[in-house]
Amino acid sequence: MPSDDQSRKTVAVSAPGKVLLAGGYLVLDRDYTGLVFGLDARIHVHIRPLHTSTGVVLEEIIVKSPQFKDAIWEYGYRRSEKDGGVLVHPLTSSAQQTLHPNPFVETTLTHVLTYISTKLASATNPSPTIHPSAITILADDAYYTTPSNKSTEFTGEQFKFFGIPLWDAHKTGLGSSAALVTALTAALLAHYLPEEKLLTTEEGRLRVHNLAQVAHCVAQGKVGSGFDVASAVYGSCIYRRFSPSVIAMTDSPGTAGYASRLRALVDDDEAIAEDKEEGEGQRKKWDTQITKAGAALPKGLRLVMCDVDCGSKTPGMVKGVLDWRKREPEEAGMVWTKLHAQNEAVQAELQHLCQADAKAEFSGRFDKLSAALADVRASVRNMSRLSGVPIEPESQRALLDGCLGVTGVVNGVVPGAGGYDAVALLIEDTPETLEELRKFLERWNTSVAAEQAQLAKASGVEWEEAPGLVSVLEVKQDDEGVRVEKGAMYASWVLRREESNDDYEP
Ligand SMILES: Nc1ncnc2c1ncn2[C@@H]1O[C@H](COP(=O)(O)OP(=O)(O)O)[C@@H](O)[C@H]1O
Ligand SMILES: C[C@@](O)(CCOP(=O)(O)OP(=O)(O)O)CC(=O)O
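An unreviewed UniProt entry annotates the protein as Phosphomevalonate kinase originating from Microthyrium microscopicum. The record in UniProt for the protein states the following under Sequence similarities (unreviewed entry): "Belongs to the GHMP kinase family. Mevalonate kinase subfamily." UniProt annotates the protein under Pathway (unreviewed entry) with the comment "Isoprenoid biosynthesis; isopentenyl diphosphate biosynthesis via mevalonate pathway; isopentenyl diphosphate from (R)-mevalonate: step 2/3."

Pasting the structure below:
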């Protein structure tokens, strides 16, 4: 076995989910910022060398999500000629893979392996071997609504077996794809490159950020602002996006010179980067601004997410809002300006409260914050009404208003793109407030279920018991971005599924 293969390490990396508390839609435009909190729900990626029992070296990477049924993706890869990079293709032997591709995994492999191939290349070894590996993805529970009728949980373990295929899982909207792409990017870099300081230096972290942004943008069709990848890398922050032109590489993997261009882009390398429009030697093409100061919650306040087990399709909503903005620039411009000022007022009040932490707590301490969030909600509803996109739909408005009636709930918003994803509340951080909130949601669910049953009866439809509609997600704000984890905590998951593939059978 070649010595560079032996030097490859088994590595585990995790990255956090997110909630965009303020700045939805506006943050798509570089003139505006978004306030994003990282969460303690993380996506974990474990990577190890893949050795075949025969010793035959295959160009293959196997990716598994063992918490879900049938979630195995097998990829072959090959270096393309003329510096075109590494092309990754699904191995067609897996029928599931054809039916259920995983573009986020595939695109990340293509881009990160291409980048790695340029980093490993040297004058004496221009085409270094990329050895096969086995990757395991594990997600904290909060990313998916637990199916009420399929509790196949392994007690005492950190991760849950969901008992359903990934494509049937209901997402809670915490940003699984951005956390996955970020953790996978960092894990691949740490595994294949002989680097110790990937996540402990600013430069290393920036490289993970740039590469993950490119891979996520390509997989997602370049519709997002990248706030979710930024928070997966850096944790909570105030985010100003990079200019869209930064990642406007018009060619695709496999075209001559793609690998060097990708490397130049990711490393922001003036020696190789050529930007004919902006002039040569333009270093710092990446103009992302990530500010950690000001993206914190004061002591005594915590974030709570309430899952509504429904979900919305963000790209369609983004299109709807942007189409309206194009159609009605004056009307939308007024909403943008007002909402921006209100978002900034929320940021300013949070900062003020953080600085005043040392002072004694007093009742009414969060009144100003509550009012600032109410202003934001009013403008978001206005945006909803004018654009015709259900950003804070009526049912979410009623839920938020209902929660506001619980003592200790400061206020809440439909985060990010809004719609029917989980709502975010800021509450006083006491066990009593959380308990009261849970009780309120139980009553809420009972009354919604009763209402639905009555409607069904009136229309003559057979009634089945309604599932729990709204629940508190076990998740909190957490400041830390992508980090290296101890591999040992994944051992049972990495091994269990290999020993017993029967577990995948329905
Ligand atoms: N546990 C997982 N294992 C493998 N891929 C996953 C996992 N969770 C999410 N993904 C990938 O991320 C996609 C969901 O991304 P997206 O629709 O952007 O939702 P989100 O808002 O959670 O990011 C899935 O279709 C899948 O490709
Ligand atoms: C509209 C947006 O500004 C915010 C969307 O935030 P969400 O948190 O709703 O995102 P998804 O996880 O993709 O559903 C689009 C963007 O900035 O990318």
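Now that the structure has been shown, the text picks up again.
A. Representation of the domain arrangement of the protein in the model. What the domain assignment reports for the protein is domain 1 (3–292 + 477–500) and domain 2 (301–472). With 23 residues of domain 1 in contact, the opposing surface of domain 2 contributes 28 residues. For the pair domain 1 and domain 2, the two sides together bury roughly 2300 Å², of which 66% comes from carbon and sulfur. Linking domain 1 with domain 2 are one salt bridge. Residue Arg325 pairs with Asp29 through a salt bridge whose shortest N-O separation is 3.1 Å. For the pair domain 1 and domain 2, the number of links is five residue pairs in polar contact (both at pLDDT 80 or more). Listing elements by their share of the side of domain 1 that touches domain 2, those giving two or more residues are strand 1 (11–22) and strand 2 (34–49). Considering only residue class, the side of domain 1 that touches domain 2 consists of 13 nonpolar, nine polar and one charged.

B. Molecular detail of the nonpolar core. With 140 residues, the main nonpolar core has Tyr25, Leu113, Ile135 and Leu188 as its most contacted residues. It is helix 4 (residues 176–192) that provides the largest number of residues to this core, a total of twelve residues. Mapping this core onto the domain boundaries places at least three of its residues in each of domain 1 (3–292 + 477–500) and domain 2 (301–472). The contact partners of Leu188, leaving out residues within four places of it in the chain, are Ile47, Leu109, Val112, Leu113, Ile116, Ile135 and Leu193. The next biggest cluster of nonpolar side chains, apart from the first, holds seven residues, and it includes Leu138, Phe159, Phe161 and Val494.

C. Looking closely at unusual backbone geometry. Within the chain, Tyr25 stands out as a residue other than glycine whose phi angle is a positive 70°. Structurally, the position occupied by Tyr25 is in the loop between strand 1 and strand 2. Relative accessible area serves as the criterion here: at 5%, Tyr25 is assigned to the buried category.

D. Fine view of the site of ligand 1. Surveying the vicinity of ligand 1 reveals 13 residues, the closest of which are Ser65, Asn102, Tyr144, Lys171 and Ser176. Residue Ser65 places a side-chain N or O atom 2.5 Å away from a nitrogen atom belonging to ligand 1. The side chain of Asn102 places a nitrogen or oxygen atom 2.6 Å from an oxygen atom of ligand 1. Surface burial for ligand 1 is 79%, taken as the share of its 570 Å² of free accessible area covered by protein chains. Looking at the shell around ligand 1, the element that brings in the most residues is helix 4, giving three residues. In terms of residue class, the shell around ligand 1 is made up of seven nonpolar, five polar and one charged.

E. Main features of the site of ligand 2. Taken together, 13 residues lie near ligand 2, and Lys18, Tyr25, Ser225, Thr314 and Ala417 sit nearest. Measuring from an oxygen atom of ligand 2, one finds a side-chain N or O atom of Thr314 at 2.4 Å. Measuring from an oxygen atom of ligand 2, one finds a backbone N or O atom of Ala417 at 2.9 Å. Protein contacts shield 87% of the accessible area of ligand 2, which totals 460 Å² for the unbound molecule. Elements supplying a minimum of two residues to the shell around ligand 2: strand 1 and helix 8 (314–327). Split by residue class, the shell around ligand 2 holds seven nonpolar, five polar and one charged. Counting residues domain by domain, the shell around ligand 2 receives three or more from each of domain 1 (3–292 + 477–500) and domain 2 (301–472).

F. Geometry of the UniProt feature "domain: GHMP kinase N-terminal" (unreviewed entry) in the protein. On the UniProt side, "domain: GHMP kinase N-terminal" (unreviewed entry) is annotated at positions that read residues 170–235 here. Within residues 170–235, the helical portion is 67% and the strand portion 3%, while the C-alpha atoms at the span's ends are 24 Å from each other.

G. Spatial organisation of the state of the cysteines. Summed over all chains, the structure comprises zero disulfides. There is no disulfide at Cys237, and the cysteine sulfur nearest it, in Cys354, is 15 Å away. Free cysteine Cys403: the closest other cysteine sulfur is in Cys306, separated by 5.0 Å. Of the residues examined, Cys403 reaches a relative accessible area of 0% and is grouped as buried.

H. Expanded view of the pairing of strand 6 (residues 133–139). The buried fraction of strand 6 is high, at seven of seven residues. Relative to strand 6, strand 2 runs antiparallel, the two being bridged by seven bridges. By the bridge assignment, His44 is partnered in strand 6 with Leu138. Here four bridges tie strand 3 (residues 60–64) to strand 6, and the two strands are oriented parallel to one another. For Ile61, the partnering residue across the bridge sits in strand 6 and is Ser133.

Rules used in this analysis
Residues numbered from 1 in each chain as written. Chains lettered and ligands numbered in written order. Predicted model: local features only at pLDDT ≥ 70, side-chain atom pairs only at ≥ 80, totals over all residues. Heavy atoms only, no water. UniProt positions renumbered as here; feature names shortened; annotations may be inferred. Domains from an automatic or database assignment. Contact = heavy atoms within 4.5 Å. Buried area = accessible area lost by both parts, 1.4 Å probe. Salt bridge = Lys/Arg side-chain N within 4 Å of Asp/Glu carboxyl O. Polar contact = N/O pair within 3.5 Å; in protein donor to acceptor, adjacent residues only side chain to side chain. Helix = DSSP H or I, 4+ residues; strand = E, 2+ residues; numbered from the N terminus. Nonpolar A, V, L, I, M, F, W, Y, C, P; charged D, E, K, R; others polar. Core = buried A, V, L, I, M, F, W, Y, C linked by side-chain atoms within 4.5 Å. Buried < 20%, exposed > 50% of the residue type's maximum accessible area, 1.4 Å probe, protein only. Near = heavy atom within 4 Å. Areas by Shrake-Rupley, 256 points an atom, 1.4 Å probe, with all protein chains shown as cover. Disulfide = S-S within 2.5 Å. Pairing = 2+ DSSP bridges.

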